[in-house]
Amino acid sequence: MPNPYPPRWAAFVLSHMRPQGDADILLGDLEEEFLYMVETCGLRRAHVWYARQALRSLPLFTQDLITWSLVMFVHYVKVMVRHLQRQRAYASINIVGLAMGLAVSLLILLYVKDELSYDRYLDHADRLYRVTFEGSDNDASIRIATTEAPLAATLVAQFPEVEQATRLRPAGPTLITDGERTFYENRVYFADSTVFDLFSFPFLFGNPQTALTQPNTMVVTADLAEKYFGRQDVLGRTVRWDNTTDYTITGVLENLPQHSHLPFNLLASMAGVEEANSQVWGGKAYATYARLRDGANPKILEAKFPDLIKTYKGAWLEQMLGMSFEEAVAAGQRMTYEMQPLTDIHLYSDLDYEIAEVSSINYVYILSAIALFVLLIACINFMNLSTARSANRAQEVGMRKVLGSGRSQLVKQFMGESLFMAILAALLALGVVYALLPAYGNLAGKTFVVTGEVLLLLIGITLGVGLAAGVYPAVVLSSFKPQAVLKGTLSFGSSGGRLRNGLVVVQFTIAIGLIICTAIMAQQLRFMQDQRLGFDQEHVVVLPIESSKAQQSYEAFRTQLLQDPSILHVAAASAVPGRFNNDRPFRIEGANADDVHDVQLVATSYDFIETLDMELLAGHGFSRDFEADGLVLNEAAVLQMGETPETAIGKQLVQIGLASENGDHFQTIVGVVKDFHFESLHQRIGPVAMAMVPKQFSRVLVRIHPDQVAESLAFIEERWATYEPGFPYNYTFLDADFGRLYETENRLGTIYNYFTAFALFIACLGLFGLASFMITQRTKEIGIRKALGATSADIVFLLSKTFTAQVLLACALAFPLAYFLMARWLQNFAYQTTMGIGVFIATGLLALLIAWMTVSYQSIKAARSRPVESLQSA
Amino acid sequence: MPLLNRSEEMVLLAVIKLGEEASGMTIRRYLSKISGEDLAIASIYRPLDRLKAKGFVLAIDAPPTKERGGRRRRFYRPTPAGFAALEQLRHVHTELWRGFSNMSFS
């Protein structure tokens, strides 16, 4: 029978219990006894005995283990602290660089987390959807965020999986008056009473189920209540709406968290809006939201929508198009609704007529990418500097190995040091983040709070970075052969030199790439904003027309204004460029019955074209000399209908759905203007039609002379007092309004700039540390060269050569990458700027310059040192 | 000099008693027999470590043998310092127990 063995697990455990190194003695003793037991009591009893020995000895040995570990730990800490103190400069550069990388990542993390969490705070957020419209024919397709009035109720009635639906409709800037105080509120929406069934906004006062059931009632946020009444319990108070109606406050909500896609501060009851009860399936002015039953699949519901369209919208369509539904479908008309998850709206919504601002998931991607890159650069720094300093610890490693340290022990020691530095860096980063948080919040337009979750993530990132960046130096350091070290034949400074250089190149590639991309993105932004818009947006004051009295007395107001010589032109319209929101179906005479185009319809007064300085291509604008019942189209509209500007004049257009006593309402095209941008330059110019409908005027546009802005404004204000008494003089400038289309991008652009600058800074920090270290290593070499006759200039040149080569290589790598990336990104835009070679060259030069400056101080100092000194210290 | 504790005393006495054969295993067997308990190996090794650290015993390693599966064997010898410590302990013990010899504790 083969030699009996003690239980394997027990032996295994015991073998780890002797840090003193005499585990074999212990096991030997036990095994002798074990064999004796086997002979006297048998194998079973022996096994039991051995196991009991192991278990009973465990707690006792563990005490030793702990004490010993503590002692070793204290020793390693002492060694590390000593080491850090001796190399204070490099250690600080290392820690600061990593801290900056962590800080940047943390800031970006805060932003990204906020963006990704929009609307998730609502109950059942995963079952909430917005119903959007998608339509196409043979020419074009559109996707709209708003739908017809009767849709919401129909959904609830016809589809059991729809538990509840509600509608919201923007009310536009609304005048709210409480006794003395008057304010324009911009975030006002009409809502069905079911809105609180869907959206679990917390009520401070009032009953969610009844708050908006009655007409002329409204619900406000706590902030709004404070603003008007100085307190929050304002149930039952009344305010005046648009100077016409009294509304009662029936509810006060807690202020909305900032990550809501629809930041409102006032919800007014839809019950008071006549058109909301309409059963006509035309027009799309309502944002429809629905909650599905638990487990319901939105796709299945979507599949039923074409039938829904046929049943309900079919009748309306037939009336509009003058053909049967089947014929329309055969001719290529497609319409359906889509269920858009609520939580997708903020980042993924790409529709027309959003009722509030949306952001884009692309920004999240870009920022995350920047964070990763910055972190990568910081890690590379860390690794590089740690290995570069390794030469100083070679002797220590040699000694330890001689005295019996195992490889893994050494690796653990150095990894521990990396982790410790990473933790220090994390603490520093936290401090930086806290300090910058308010300013950063302003920049991003949000409020940021460092939550426990974020801290946890920071700990995770720190550990990850500390370990990852520590592995390489640890491995390198622990690989030193004791003989080589102690004999002095180990070549210092060149261990891993090639990899180190490679890493520097990677760092600079990333930094240069980031700079180029940011520069091009900024260029595109400026391009979009500087684009010739087709009209002159500068020095145009926009005033709101509030009351119908004002609408009627517009002409008089205009005459009064024009009395002042600084007022150049005055016109009125139903909307200003940037805020067109009224598309109607039109068909030109002679076209097929199904050849219907959606055209933006804007009501404008005489002189609109002159006021905005648009260019007429054919015909004439509305003028007092001509009949006022005609249409002025833009080029795009005319081309879409298959005409040219010249041939379009005199043709008739019919607006589908606009009935008059004589049947369809025909209008004559009297003029064609050159295309002008009325939306942001993300989109191609669509068709526009202008008509004179004074009852729809809601804005007065006043072009003033650029030199007398203050006086003109004062003059207008005086006249305004008689024109619209009781309404605040709330003017805006057209170019400011228009610029707000790019607000998010502008803001983000600034953020990108800062972070990219950080990336470059961190890379340079690394380069600085590395360079000064390498130069110190080469002191002897420099001394010899100088002794042999090299000048300071020669030395500087020699030292700079390596770094220059690295930067140039980085450029060579970064240029094509950045070009490719930016080319892809620019395709998102209908109007693209060109990527000139200037950007690339400038960035390359900038990188070179910064690299030189970073290295120069040390190089020059080294070059001017006296050879005697450097050679003597050998 | 602080006193030896109980286990150190027992182990040291065993080392002296066992003379040339004093190893971890033999000490354990001897003390187990006397005390009647099957002592855990750790309760021998730890006092031995402490005695070694204080210089009361000397550890002598023998080269590895085949019968122990190629492992070393360690023998222990008392040192003069160890004797001195025991003397001190005996003195204290005698003083403490003086006058108790005829008493019973019930």
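Definitions and cut-offs
Residues numbered from 1 in each chain as written. Chains lettered and ligands numbered in written order. Predicted model: local features only at pLDDT ≥ 70, side-chain atom pairs only at ≥ 80, totals over all residues. Heavy atoms only, no water. Helix = DSSP H or I, 4+ residues; strand = E, 2+ residues; numbered from the N terminus. Rg over C-alpha atoms; globule rule 2.2 N^0.38 Å. Lys, Arg positive; Asp, Glu negative; His and termini not counted. Charge placed at Lys NZ, Arg CZ, Asp CG, Glu CD. Buried < 20%, exposed > 50% of the residue type's maximum accessible area, 1.4 Å probe, protein only. Contact = heavy atoms within 4.5 Å. Areas by Shrake-Rupley, 256 points an atom, 1.4 Å probe, with all protein chains shown as cover. Buried area = accessible area lost by both parts, 1.4 Å probe. Salt bridge = Lys/Arg side-chain N within 4 Å of Asp/Glu carboxyl O. Polar contact = N/O pair within 3.5 Å; in protein donor to acceptor, adjacent residues only side chain to side chain. Expected span 1.5 Å × (residues − 1). Phe/Tyr/Trp six-rings, centres within 6.5 Å; stacked < 30°, edge-to-face > 60°. Core = buried A, V, L, I, M, F, W, Y, C linked by side-chain atoms within 4.5 Å. Pairing = 2+ DSSP bridges. Axes fitted to C-alpha atoms, helices over the stretch in contact; angles between N-to-C directions. Parallel < 35°, antiparallel > 145°, perpendicular 65-115°, else oblique. Left-handed = near helix turned anticlockwise from the far one by under 90°. Nonpolar A, V, L, I, M, F, W, Y, C, P; charged D, E, K, R; others polar. Arc of directions from axis to C-beta. pLDDT = per-residue confidence, 0-100. Disulfide = S-S within 2.5 Å. Patch = residues over 30% accessible without salt bridge, like charges linked within 9 Å, V, L, I, M, F, W, Y side chains within 5 Å.

Student: Please clarify how the overall build of chain A should be interpreted in this entry.
Tutor: Within chain A, the regular secondary structure consists of 28 helices and 24 strands. Taken over the C-alpha trace, chain A has a radius of gyration of 37 Å; the compact-globule value for 874 residues is 29 Å, which it surpasses by more than 25%. Placing the 68 positive and 84 negative side-chain charges of chain A at their respective mean positions leaves the two points 18 Å apart.

Student: Help me out: how do you make sense of the overall build of chain B in this one?
Tutor: Per the secondary structure count, chain B includes 4 helices and 2 strands. In sequence order, chain B lays out its α and β elements as α-α-α-β-β-α. If you line up chain B on its principal axes, its C-alpha atoms span 55 × 30 × 20 Å. Within the span of chain B, comprising 106 residues, buried residues form 38% of the whole. Residue pairs in contact within chain B that sit at least 24 positions apart in sequence constitute 51% of those at least 6 positions apart. Counting only carbon and sulfur atoms, one obtains 59% of the accessible surface of chain B, whose full area is about 6,400 Å².

Student: Looking at this structure, how should I read the interface of chain A and chain B?
Tutor: Where interface size is quoted, it is often the accessible area lost as the parts come together. Taken together, the contact between chain A and chain B spans 23 residues of the former and 19 residues of the latter. Summed over both partners, the interface of chain A with chain B comes to about 2,200 Å²; 45% of that surface belongs to carbon and sulfur atoms. It is I25, D29 and E32 of chain A in chain A that bury the most area against chain B; as a group they hold 27% of the surface buried on that side. At the junction of chain A with chain B, the criterion picks out 7 salt bridges. Across the chain A-chain B interface, the total number found is 17 residue pairs in polar contact (both at pLDDT 80 or more). Going through the elements one at a time, helix 2 (23-41) and helix 3 (43-86) of chain A are the ones with two or more residues in the side of chain A that touches chain B.

Student: Explain helix 4 (residues 88-116) of chain A here, please?
Tutor: An α-helix turns once every 3.6 residues. As a result, residues three or four positions apart point the same way. Taking 1.5 Å per residue as the helical rise, helix 4 of chain A with its 29 residues ought to reach 42 Å, and the 41 Å between its terminal C-alpha atoms agrees with that figure. Of all 29 residues in helix 4 of chain A, 22 are buried, a share of seventy percent or more.

Student: What is the right way to read the packing of aromatic side chains from this model?
Tutor: Remark: the centre distance and the inter-plane angle together describe each pair of aromatic rings, the angle taken between the planes. Residues and elements named next belong to chain A. Applying the stated criterion to the full structure yields 18 aromatic pairs over all chains. Ring centres 5.4 Å apart and planes at 80° place the aromatic pair F815 and F840 in the edge-to-face group. With F815 in helix 26 (residues 792-826) and F840 in helix 27 (residues 837-863), this residue pair connects regions lying 25 residues apart in the sequence. Classification of F815 by relative accessible area gives partly exposed; the value is 25%.

Student: Help me understand the pattern of salt bridges, please; the structure alone is not making it clear to me.
Tutor: Close approach of charged atoms lets side chains of opposite charge pair. Taken as a whole and assessed by the stated rule, the structure comprises 33 salt bridges over all chains. Notably, a salt bridge pairs R18 of chain A with D22 of chain A, separated by 2.8 Å at the nearest N-O pair. There is no split in this pair, since R18 of chain A and D22 of chain A are both buried. Look at the salt bridges and you will find they share partners, linking R18, D22 and D24 of chain A together with D49, D61, R72 and R74 of chain B into a network.

Student: For this particular structure, what's the right way to read the nonpolar core?
Tutor: The tendency in soluble globular proteins is for nonpolar side chains to be buried side by side. Residue and element names in this part refer to chain A. The biggest cluster of nonpolar side chains holds 95 residues, and the ones touching the most others in it are L98, I108, L367, I370, F508, Y752 and F755. Apart from the residues lying within four places of it in its own chain, the contact partners of L98 are A378, F382, A422, A425 and V465. Core analysis: the next-biggest nonpolar cluster, separate from the first, contains 46 residues, F535, V576, F608 and F738 among them.

Student: Quick question: what am I supposed to make of the pairing of strand 17 (residues 597-603) of chain A here?
Tutor: All names here are of chain A. Burial runs high along strand 17: 6 of the 7 residues are buried. Across 4 bridges, strand 17 lies against strand 22 (residues 688-691) in parallel orientation. Bridge pairing in strand 22 places V602 opposite M690.

Student: How should I be thinking about the environment of L561 of chain A in this particular structure?
Tutor: Residue and element names in this part refer to chain A. By the secondary structure assignment, L561 is in helix 18 (residues 554-562). Note: C-alpha distance between L561 and F666 (105 residues apart in sequence) is 34 Å. Not counting residues within four places of it along the chain, the set of residues in contact with L561 comprises I567, V570, V702, F715, I716 and R719.

Student: Just to check I follow, could you spell out the sheet that holds strand 23 (residues 699-704) of chain A for this structure?
Tutor: Residue and element names in this part refer to chain A. Across the sheet, which stays open at both edges, the 4 strands sit in the order 15-23-14-24 with antiparallel pairing between neighbours. Either end of the sheet is taken by a strand with one partner, and the two such strands are strand 15 (567-573) and strand 24 (732-733). As judged from the 6 bridges shared by strand 15 and strand 23, these two strands associate in the antiparallel manner. Paired with I567 across the strands is I704, a residue of strand 23. The strands touched by helix 18 are strand 14 (540-544), strand 15 and strand 23; relative to strand 15, the strand with the most contacts, the crossing angle is about 165°. Helix 22 (residues 709-723) contacts strand 14, strand 15, strand 23 and strand 24 of the sheet and is inclined by roughly 150° relative to strand 23.

Student: Honestly, the packing of helix 4 of chain A against helix 24 (residues 743-777) of chain A in this entry has me stumped. Any pointers?
Tutor: All names here are of chain A. In the contact formed by helix 4 and helix 24, the axes pass within 10 Å of each other and the chain directions differ by 165°. When the interaxial angle is binned, helix 4 and helix 24 end up roughly antiparallel. Crossing angle aside, the handedness with which helix 4 passes helix 24 is left-handed. The segment helix 4 lies against helix 24, with Y90, I93, V96, G97, M100, G101, V104, L107, I108 and Y111 engaging L748, F755, F758, F761, I762, L765, F768, G769, S772, F773 and T776. Partitioned by chemical class, the residues of the contact of helix 4 with helix 24 number 16 nonpolar, 5 polar and no charged.

Student: Would you mind going over the packing of helix 2 of chain A against helix 2 (residues 24-35) of chain B with me for this structure?
Tutor: Between helix 2 of chain A and helix 2 of chain B, whose axes approach to 8 Å, the crossing angle comes to 55°. When the interaxial angle is binned, helix 2 of chain A and helix 2 of chain B end up oblique. Listed contacts from helix 2 of chain B to D29, E32, E33 and Y36 of chain A of helix 2 of chain A are G24, M25, R28 and R29 of chain B. Counted by class, the contact of helix 2 of chain A with helix 2 of chain B contains 2 nonpolar, 1 polar and 5 charged residues.

Student: What am I meant to see in helix 7 (residues 222-229) of chain A here?
Tutor: Listed as buried for helix 7 of chain A are A222, L224, A225, Y228 and F229 of chain A. Down the axis of helix 7 of chain A, the buried side of the element spans an arc of 160°, and every buried residue falls inside it.

Student: Looking at this structure, I do not really get the confidence of the model for chain B. What am I missing?
Tutor: Low pLDDT marks regions whose predicted coordinates should not be analysed in detail. All names here are of chain B. Per-residue pLDDT for chain B has a mean of 89; in total, 95% of the residues score no lower than 70. Here strand 1 (residues 57-65) stands out as the least confident element of chain B, with mean pLDDT 86; helix 1 (residues 6-18) is the most confident, with 94. This complex was scored by the predictor with a pTM of 0.73 and an ipTM of 0.89.

Student: Please explain the side chain of E115 of chain A as it appears in this structure.
Tutor: Residue placement: E115 of chain A occurs in helix 4. Those residues in contact with E115 of chain A that lie beyond four places of it in its chain are H346, L347, S359, V364 and K446 of chain A.

Student: For this particular structure, what's the right way to read unusual backbone geometry?
Tutor: With the exception of glycine, most residues fall at negative phi, and the peptide bonds are largely trans. All names here are of chain A. Of note, H124 is a non-glycine position whose phi angle comes to about 55°, a positive value. Its location among the elements puts H124 in the loop between helix 4 and strand 1 (128-136). For H124, a relative accessible area of 41% corresponds to the partly exposed category. Its identity as a non-glycine residue notwithstanding, D607 has a phi of 65°, on the positive side. The residue D607 is located in the loop between strand 17 and helix 19 (608-611) in this model.

Student: How do you make sense of the environment of I108 of chain A when you look at a structure like this?
Tutor: All names here are of chain A. Structurally, I108 is set in helix 4. For the pair I108 and L367, spaced 259 residues apart in sequence, the C-alpha separation works out to 6.5 Å. Not counting residues within four places of it along the chain, the set of residues in contact with I108 comprises L367, S368, I370, A371, Y440 and F755.

Student: Is there a simple way to think about the state of the cysteines in this case?
Tutor: Such a bond, covalent and formed between the sulfur atoms of two cysteines, is termed a disulfide. What the rule picks out here adds up to 0 disulfides over all chains. As a non-bridged cysteine, C764 of chain A has C811 of chain A as the owner of its nearest cysteine sulfur, 12 Å distant.

Student: Looking at this model, I keep getting lost on a nonpolar patch on the surface. Mind explaining?
Tutor: A cluster of nonpolar side chains, namely L96, W97, F100, M103 and F105 of chain B, defines an oily patch on the protein surface of about 580 Å² accessible area. The residue F105 of chain B is located in the segment after helix 4 (80-97) in this model.

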